[in-house]
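# An overview of the molecular structure
Here is how the chains run, residue by residue.
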Amino acid sequence: MKPVCLNLEECNGLGDLICATPTIKKLHDSYQRKITIISKMPELFKNNPYVEKSYKASSMDMTYIQSNYIVHNSFYLVGKKDERGVEMKHNMMDIRQFHAIHLGFMLGEGELECYYRPIEPKKNFIHEKYAVIHPVNSWPNRTWSQDNWLNLCEELIKWGYTVVAVGKDSSETGFFNVQKPVHEMGNNIINLMNQTSISETWHLINDAAVVITMDSGILHLAGTTSTDIVELGSPINPEFRRPRRKEGKHIYVRGGCGLHCSSNMKYALEYWDTIDSVQPLIGCLEKKETFECHPSVAQVIHAINNNI
């Protein structure tokens, strides 16, 4: 039998790639052999026990791969339609199942745990109790305001936490284009934004008392540790993003609105008259002035105080 390859070259996001790891394990268990991975972030898979080799997509001769490997492709229909006019709707699906369905199967409830281990050793230690925050701009419906982050930091510091900020300036291109810069933060925190590798960020999260983030790549990276996670509410159905793992709490803190409109197909019908296209992600689909799905600082503080 030829070696087996999973081609993820059209998958751009950190979280989306981490969410491919349950599918990688499923392929490994089915073929009874390790899988070669092609992606834009090969580091993510180098220490995966189910991976034979992990290559950067831009370095590979895909003609050779197609001729010499059994090739499976995933994440190639985001924002696109297949030959029957059906679109894979990212915000209406569990990302882990998104990968699996591209290959023609579903993952069971016990098969959804993601996997990542760093390729760099832990370097510096923060000896005091600390919380990791991810104060980054994303889609407007997945961005907590800078003022909220600053106010939360003040409260965490009062409780005796050191606060460590992680994240990177980034952008998303494709069906939509959006810039994702980090917020400006105050001098009373350890600001490591735009300064850490994926491995270093994982180590920081792994040793933290808690990580606080919206739906993001950091959420999925944290989901490969046993650190407690506080996820800030957004219009995405949290069941489509919630880390599945054996240890560590996941506390979802939503605001006053729990409709999760970005994951509800009725809003696609209202805007586009069809379920075959993703709906706008830049404004409240209930036409409210603010995203009421986002929690207040007081709600987040209450959740941390009662659960962590």
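Our structure is the block above this text.
So, here is what we can say about the structure in this document. (Residues numbered from 1 in each chain as written. Predicted model: local features only at pLDDT ≥ 70, side-chain atom pairs only at ≥ 80, totals over all residues. Heavy atoms only, no water.)

## Considerations on the overall build of the chain
Assigned secondary structure in the chain consists of nine helices and 12 strands. Taken against the 2.2 N^0.38 rule, which gives 19 Å for 308 residues, the C-alpha radius of gyration of the chain at 20 Å falls within 12% of a compact globule. Projected onto the principal axes, the alpha-carbon positions of the chain cover approximately 60 × 50 × 35 Å. The buried share of the chain, taken over its 308 residues, is 52%. For the chain, the exposed area adds up to about 14300 Å²; of that, 49% sits on carbon and sulfur atoms. Between the averaged position of the 32 positive side-chain charges in the chain and that of its 35 negative side-chain charges there is a distance of 5 Å. (Helix = DSSP H or I, 4+ residues; strand = E, 2+ residues; numbered from the N terminus. Rg over C-alpha atoms; globule rule 2.2 N^0.38 Å. Buried < 20%, exposed > 50% of the residue type's maximum accessible area, 1.4 Å probe, protein only. Areas by Shrake-Rupley, 256 points an atom, 1.4 Å probe, with all protein chains shown as cover. Lys, Arg positive; Asp, Glu negative; His and termini not counted. Charge placed at Lys NZ, Arg CZ, Asp CG, Glu CD.)

## Concerning helix H5 (residues 146-158)
Taking 1.5 Å per residue as the helical rise, H5 with its 13 residues ought to reach 18 Å, and the 19 Å between its terminal C-alpha atoms agrees with that figure. Within H5 the residues assigned to the buried category are Trp 149, Leu 152, Cys 153 and Leu 156. One face of H5 carries all of its buried residues, which in axial projection span an arc of 105°. Exposed and oriented more than 90 degrees from the buried face of H5 are Asp 147 and Lys 158. For H5, the secondary structure elements touched by its buried residues are strand S5 (130-133), strand S6 (162-165), strand S10 (210-213), strand S11 (228-232) and helix H9 (297-307). (Expected span 1.5 Å × (residues − 1). Arc of directions from axis to C-beta. Contact = heavy atoms within 4.5 Å.)

## Quick word on the side chain of Arg 142
Mapping Arg 142 onto the fold places it in the loop between S5 and H5. Judged by its relative accessible area of 16%, Arg 142 is buried. A polar side-chain atom of Arg 142 sits 2.9 Å from the main-chain carbonyl oxygen of Asp 215. (Polar contact = N/O pair within 3.5 Å; in protein donor to acceptor, adjacent residues only side chain to side chain.)

## Observations concerning the sheet that holds strand S1 (residues 4-7)
Strands sit in the order S3-S2-S1-S4 across an open sheet of four strands; the sheet is parallel. In this open sheet, the two strands that pair with only one neighbour each are strand S3 (51-56) and strand S4 (70-73). Neighbour to neighbour, the strand axes of the sheet diverge by 20° on average, direction disregarded. Sheet strands touched by helix H2 (residues 21-31): S1, strand S2 (35-39), S3 and S4. Its angle to S2, the strand with the most contacts, is close to 150°. (Pairing = 2+ DSSP bridges. Axes fitted to C-alpha atoms, helices over the stretch in contact; angles between N-to-C directions.)

## Quick word on the packing of aromatic side chains
Scanning all chains against the criterion turns up two aromatic pairs. Note on Phe 75 and Phe 98: the rings are 4.8 Å apart at their centroids and 50° apart in plane angle, and the pair reads as tilted. Here Phe 98 lies in helix H4 (residues 95-102) and Phe 75 lies in the loop between S4 and H4, a separation of 23 residues in the sequence. Summarising the aromatic geometry, the rings of Trp 144 and Trp 149 are spaced 5.0 Å apart at their centres and angled 90° between planes, so their arrangement reads as edge-to-face. Trp 144 gets classed as buried once you look at its relative accessible area, which sits at 1%. Owing to a relative accessible area of 1%, Trp 149 belongs among the buried residues under this scheme. A cation over an aromatic ring shows up here: Lys 129 above the ring of Tyr 161, its NZ or CZ 4.3 Å from the ring centre. (Phe/Tyr/Trp six-rings, centres within 6.5 Å; stacked < 30°, edge-to-face > 60°. Lys NZ or Arg CZ within 6 Å of the ring centre and 35° of its normal.)

## Observations concerning the state of the cysteines
Each disulfide consists of a covalent bond between the sulfur atoms of two cysteine residues. Using the criterion set out here, one finds zero disulfides in the structure. Cys 114 forms no disulfide, and the closest cysteine sulfur to it belongs to Cys 19, at a distance of 4.2 Å. Cysteine Cys 284 remains unbridged, with the sulfur of Cys 261 as its closest cysteine sulfur at 5.4 Å. Cys 284 sits in the buried class, given a relative accessible area of 15%. (Disulfide = S-S within 2.5 Å.)

## Remarks on the pattern of salt bridges
Counting across every chain of the model gives 15 salt bridges. Notably, a salt bridge pairs Asp 94 with Arg 244, separated by 4.0 Å at the nearest N-O pair. Placement of the pair is Asp 94 in the loop between S4 and H4 and Arg 244 in the loop between S11 and strand S12 (250-253), with a sequence separation of 150 residues. Using a relative accessible area of 9% as the deciding quantity, one classes Asp 94 as buried. A salt bridge links Glu 239 to Arg 244, with the shortest nitrogen-to-oxygen separation between them at 3.5 Å. Residue class for Glu 239 comes out partly exposed when judged on its relative accessible area of 37%. Arg 244 sits in the buried class, given a relative accessible area of 12%. (Salt bridge = Lys/Arg side-chain N within 4 Å of Asp/Glu carboxyl O.)

## Considering unusual backbone geometry
Here the phi dihedral of Gln 32 falls at roughly 60°; this positive angle occurs in a residue that is not glycine. Tracing the chain through its elements places Gln 32 in the loop between H2 and S2. Overall, Gln 32 belongs to the exposed group, its relative accessible area being 64%. Positive phi is not limited to glycine here, since His 260 has a value of about 50°. Note that His 260 resides in the loop between S12 and helix H8 (265-272). By relative accessible area, His 260 is classed as buried at 16%.

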